[in-house]
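Tertiary structure, described
Listed here are the chains, written in short residue letters.
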Protein chains: 2
Amino acid sequence: MKLEKPQDVLLLGPGPSPVHPRILEAMGQHTLGHLDPDFLTITDQTCALLRFVFETENQITFPVSGTGSAGMEAALVNIVEPGDKVLIGVNGVFGQRMADVASRCGAEVVEVEGEWGKPIDPEALEKKLSAHNGVQLIGLVHAETSTGAQQPLEPVVELARRHDALLLVDTVTSLGGLPVAVDRRDLDLVYSGNQKCLGAPPGLAPITFGERALRKFRNRKSKVQSWYLDLSFLTRYWGEERFYHHTAPINMIYALFEALSLIKEEGLDDRFARHKKNSRALISGLEALGIKPVVAEEHRLASLNAVRIPENVDDQQVRSRLRRDHLIEIGGGLGPFKGKVWRIGLMGHGSRRENVERLLKALALTLNELGYSCSGEEAFAEAGKVYQA
Amino acid sequence: MKLEKPQDVLLLGPGPSPVHPRILEAMGQHTLGHLDPDFLTITDQTCALLRFVFETENQITFPVSGTGSAGMEAALVNIVEPGDKVLIGVNGVFGQRMADVASRCGAEVVEVEGEWGKPIDPEALEKKLSAHNGVQLIGLVHAETSTGAQQPLEPVVELARRHDALLLVDTVTSLGGLPVAVDRRDLDLVYSGNQKCLGAPPGLAPITFGERALRKFRNRKSKVQSWYLDLSFLTRYWGEERFYHHTAPINMIYALFEALSLIKEEGLDDRFARHKKNSRALISGLEALGIKPVVAEEHRLASLNAVRIPENVDDQQVRSRLRRDHLIEIGGGLGPFKGKVWRIGLMGHGSRRENVERLLKALALTLNELGYSCSGEEAFAEAGKVYQA
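Residues numbered from 1 in each chain as written. Chains lettered and ligands numbered in written order. Predicted model: local features only at pLDDT ≥ 70, side-chain atom pairs only at ≥ 80, totals over all residues.

1. What to know about the overall build of chain A
Scanning chain A from terminus to terminus reveals 14 helices and 13 strands. Taking 21 Å as the expected radius of gyration for a compact globule of 389 residues, we find that chain A reaches 21 Å, a close match to that expectation. When its C-alpha atoms are laid out on the principal axes, chain A stretches across 65 × 55 × 40 Å. For chain A, with 389 residues in total, the buried portion stands at 59%. Put simply, of all contacts in chain A between residues at least 6 apart along the chain, 72% involve residues at least 24 apart. (Helix = DSSP H or I, 4+ residues; strand = E, 2+ residues; numbered from the N terminus. Rg over C-alpha atoms; globule rule 2.2 N^0.38 Å. Buried ≥ 20, exposed ≤ 12 C-beta atoms within 10 Å, placed from the backbone. Contact = placed C-beta atoms within 7 Å.)

2. Considerations on the interface of chain A and chain B
Taken together, the 59 residues of chain A in the interface contact 58 residues of chain B. Broken down by secondary-structure element, the contributors of at least two residues to the side of chain A that touches chain B are helix 1 (21–27), helix 3 (68–79), helix 4 (93–104) and helix 10 (250–266) of chain A. Among the elements that take part in the side of chain A that touches chain B, helix 10 of chain A stands out by supplying seven residues, more than any other. Its residues assigned to classes, the side of chain A that touches chain B shows 23 nonpolar, 22 polar and 14 charged. (Nonpolar A, V, L, I, M, F, W, Y, C, P; charged D, E, K, R; others polar.)

3. Concerning the relation of the copies chain A and chain B
Mapping chain A onto chain B leaves a residual RMSD of 0.0 Å; the transformation is a rotation of 180° accompanied by 0.0 Å of translation along its axis. In short, the pair behaves as if placed about a two-fold rotation axis. A high fraction, 98%, of the interface residues of chain A reappear at the interface in chain B, so the copies pair face to face through one surface. (Least-squares fit on C-alpha atoms with pLDDT ≥ 70 in both.)

4. With respect to the sheet that holds strand 3 (residues 85–90) of chain A
Residue and element names in this part refer to chain A. As summarised here, the arrangement of the seven strands in space is 2-10-9-8-5-3-4, forming an open sheet in which the pairing is mixed. Edge positions in the sheet fall to strand 2 (61–64) and strand 4 (108–113), since each has one partner strand and no second. Put simply, the sheet's adjacent strands are angled 20° from each other on average, direction ignored. Across the face of the sheet, helix 6 (residues 154–162) comes into contact with strand 5 (137–141) and strand 8 (166–170) while running at roughly 150° to strand 8. Across the sheet, helix 8 (residues 211–218) is in contact with strand 8, strand 9 (189–191) and strand 10 (205–209); its angle to strand 8 comes to roughly 110°. (Pairing = 2+ DSSP bridges. Axes fitted to C-alpha atoms, helices over the stretch in contact; angles between N-to-C directions.)

5. With respect to the domain arrangement of chain A
All names here are of chain A. Along its sequence, chain A is organised into domain 1 (20–265) and domain 2 (267–388). On a C-alpha basis, the centres of domain 1 and domain 2 stand 28 Å from each other. Listed by partner, the interface residues are 24 residues for domain 1 and 21 residues for domain 2. Tallied by class, the residues present in the side of domain 1 that touches domain 2 amount to 10 nonpolar, 12 polar and two charged. (Domains from an automatic or database assignment.)

6. Here we look at the pairing of strand 3 of chain A
Residue and element names in this part refer to chain A. Counting buried positions along strand 3 gives five out of six residues, so the element sits mostly inside the fold. Where strand 3 meets strand 4, six bridges bridge the pair, whose relative direction is parallel. Paired with Lys 85 across the two strands is Glu 108, which belongs to strand 4. In this fold, the crossover linking strand 3 to strand 4 by way of helix 4 has right-handed handedness. Of the pairings in the sheet, the one linking strand 3 to strand 5 comprises three bridges and is parallel in character. Within the sheet, the bridge partner assigned to Val 86 lies in strand 5 and is Leu 137. (Right-handed = clockwise from strand over helix to strand, strands pointing away.)

7. Re the environment of A:Val313
Residues and elements named next belong to chain A. Locating Val 313 in the fold gives a position in the loop between strand 11 (304–308) and helix 12 (315–326). C-alpha separation for the pair Val 313 and Leu 370, spaced 57 residues apart in sequence, amounts to 7.8 Å. Discounting chain neighbours no more than four positions away, the residues touching Val 313 are Val 318, Leu 367, Leu 370 and Tyr 372.

8. Some points on the sheet that holds strand 14 (residues 341–345) of chain B
Residues and elements named next belong to chain B. Pairing in this open sheet of three strands is antiparallel, and the strands run 11-14-13 from one edge to the other. Since the sheet does not close on itself, it has two edges, and those belong to strand 11 (304–308) and strand 13 (331–332), each with one partner. Sheet analysis places strand 13 next to strand 14, joined by two bridges and oriented antiparallel. What sits directly across from Gly 332, in strand 14, is Trp 342.

9. Quick notes on the packing of helix 5 (residues 122–131) of chain B against helix 6 (residues 154–162) of chain B
Residues and elements named next belong to chain B. Between helix 5 and helix 6, the shortest axis-to-axis distance is 10 Å and the interhelical angle comes to 15°. The angle between helix 5 and helix 6 places the two elements in the roughly parallel class. When you trace helix 5 past helix 6, the crossing you get is right-handed. Residues Pro 122, Leu 125, Glu 126 and Leu 129 of helix 5 pack against Pro 155, Val 156 and Leu 159 of helix 6. Its residues placed into classes, the contact of helix 5 with helix 6 shows six nonpolar, no polar and one charged. (Parallel < 35°, antiparallel > 145°, perpendicular 65-115°, else oblique. Left-handed = near helix turned anticlockwise from the far one by under 90°.)

10. Here we look at the pairing of strand 11 of chain A
All names here are of chain A. The buried fraction of strand 11 is high, at four of five residues. Where strand 11 meets strand 13 (residues 341–345), five bridges bridge the pair, whose relative direction is antiparallel. Following the sheet pairing, Arg 308 is matched in strand 13 by Val 341.

11. Section: the packing of helix 12 (residues 315–326) of chain B against helix 13 (residues 353–369) of chain B
Residue and element names in this part refer to chain B. Running from N to C, helix 12 and helix 13 point in directions that differ by 120°, and their axes come no closer than 10 Å. Taken as axis vectors, helix 12 and helix 13 run oblique relative to one another. Considering the relative orientation of helix 12 and helix 13, their crossing is right-handed. Contacts between helix 12 and helix 13 pair Val 318, Arg 321, Leu 322 and His 326 from the former with Ala 362, Leu 363, Thr 366 and Leu 367 from the latter. Among the residues making up the contact of helix 12 with helix 13, the classes are represented as five nonpolar, two polar and one charged.

The following block contains the structure:
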C-alpha cells in the first residue's frame, strides 16, 4: 500500500509550519552515506548557515538529531551536573518542560513563575538570584509557543553576567523569524527546532554553545547521562575529526540546508520584517472580528499569535471545520489556555499575506456558520490597511 | 544556494542502505501537522506495519524520534534504574555502546566479553549469571554491525527465563533483513534503526516493549532520566490519547511507512531469502578474489558482510577509488578491525544481484590497478553459480 498523497493542509498552528517546495525537493534527494565526503561538505555548509542564522561565531553550532525537545535536553544534560543550582523562568509549557528536564539532570531547580502571556519579570529573577546563592545557569524561553509571549533578553543577560551564571535560551519559535542574535546579545547556550520559523519539517534541533558554556562542559566531574546527546562525541563527528558517533539523519540535513539557504537568500532583516508585518495584519483583522490577542503589543511574538476564543464559541468545532472545510490548521490552547485560546502561527514560508487573508476569510465564514456574528470583509479591510501602510 | 543534487552513490557500507525511489518520493510529500487526523492515521498504520515486521502483537511498538542509538538509549533509560544489575554481551562496538549507555543509567554493568566476529557464548553468559546473583536484564546485539556476526537468540532466551531476567536485543542491522520474530522468540525489548534492512533514510528507531519489560517500567521507583525518551509520555502520544509530547518527525514517518509497506508487499520470508542469497553470492565472489569472510558461515550476517582486507592492500586507497571511480561506498573496520576489515552491506533495497555484480567487478578492477592480482571474471562466475543454484 503506497502512502496516500497527504492533503494540502495550510499549517497555521504552533508548528510544524508550511514547508517551501524547494525544501521538500531537497528531502527527497538521493541518500548519501553519513561519512561520504560530499555529505560532509553539506554538513559543513549547514553548520556555517546555522551560524549565520544564529548570528554567532560559535564553532560548536550544529543540528541535534532529534526534534526541538531533544535540543533542550542536549543543552541541559551537557551543562548541568547533579547538585547544580539552576533558575528557570516558568510562564508557559516550555518553561515547565525546561524545569522538568533540568531536574532529571539532578539539578536543584529554582522556578521563577510568571503569568501566562507575559514575559518573566527581570526583578523577580533578580530576587530569586539573590535569595539562592550560587545559581550556575538561568534558563528562559525566548518565544513561549504556548502563550505567544516574547521574553526580552537584554536585562537577563545583564543579570546573568552580574551573578556569574550561564544563560540558556530556548528559541524554538523565534530562530529565523525574529532576532536571536546570539553573539550581539552574549547568549551562552541556545537551541531551536527545524519546524517553526526555519520552515523545515520537524526532526532536527539546531544548537550553539558559547565559550562560557563550553568551559562549564569541559570542567564536568560526572559523565553526561545521555550517550546519544553527549557533546564530547557530537563535536567529534560535527568537528574536523569526523569520528563516527551515530548515523546522522542525512535527508533531514538536506532539508535543513535548503531551509537555511532560503533564509540567507531572503536576508535576516527582510525576513524579520515580513514576520512582523504579517502578524500585525493578522491581529488587526482578528480584532475586527472581535477576537483579542492574549499578549500586550510590546511582548507579542510575530511568529505565534495567541488570541482569546470569543465567548460562546466552541474551540473544537471551529478548528475541526477550518481543517475540514478550508484545509487550514490552527492550534488550540495548552494547560490553562485549553479551550480558551487559539494559537495561530505565521512562521517561515507560512508568514505570507495570502495566508493571513485566507485564514481571516475562512475563520469569519466558520464563525458565522456557528452563529457568531462578525464581518469577514471588515477583517479583510483592516488587515489590508497594515499592508498599505 | 540550492542544495546540489547528490551523486548517485551506491551505498554498500554498514548503513545507510540504498533508499527505494518510492520512499524518497514519500519523504518529499506535503508536511501535515503532527496532530492532524490524517497524520494520526498514518502513525497508526506505521505502528501496525512495525508490528508486522517485528512479528509481534506488542501494543507498545513505535518509532523513536532519533537514529538507532536513540533507540538503544530509549530502551535502557526506561527499563534500567540506578543500582540494577545488567549483563551485556560485548563482542563488538555496539555491545560496548550498550554497556556504556547502561552504565550512564546507573546500572551495575557486568560485561561478558566475546571475540570479535563470533557470537557470545551462552555458557559464558550462564557463568556470569550464576556468579552475579540478581541480574535483571541481559542485553545482546543480534546483528553486530562492527563484525558481521549474528547472535543465536534461542539459547539466551532460555537463560533469561531461567534466571528471571529481561532480554534486550539490538536488531539495528537485522530487522527487515533476517528473522527477528519478537513473539515467537519471546524477546522482551527490541529496537532497530531505519537505515539498514528497513531501507529508509536514517532518523527513526523502531522499538517494541513486551509485557515483562512494561512491568519493570511500571514498577520504577525513580523518574526516567531522559524527558525526551520517557515512555510514559511517548505512549500517550503514540497511544489512543494522542497527547502532545514532542513534534513527531512527520516526513521521516512518511518514509518509514513507505519502507514498511514495501516490506509487506515483498513478504518477510521472500525478503529474508533474498538477503541470504545475495550475501552468499557476494561471499562466493569475494572468495574467488582471495578475500575471506571474518565470520564462520553459520554465524554470518546476510545483511552485513565483514571480510578481511588482503595483505599489502591499502584499505583507504581501495575505498576512496571505489567511491571516486565507481560511485560505490563500502565500509572500513572499526576498533581492532580498522584497516584490516571491510564491511559490505547488502541491506534492504541494496541487496540485489546487480549490486553484487557491480561491486565484484569494480573491486577486482580497483585491486588490479593497485597491483593486487585477481580475476573479476572468476568472481563474477562464482557469484553466478549461487544464483543459478
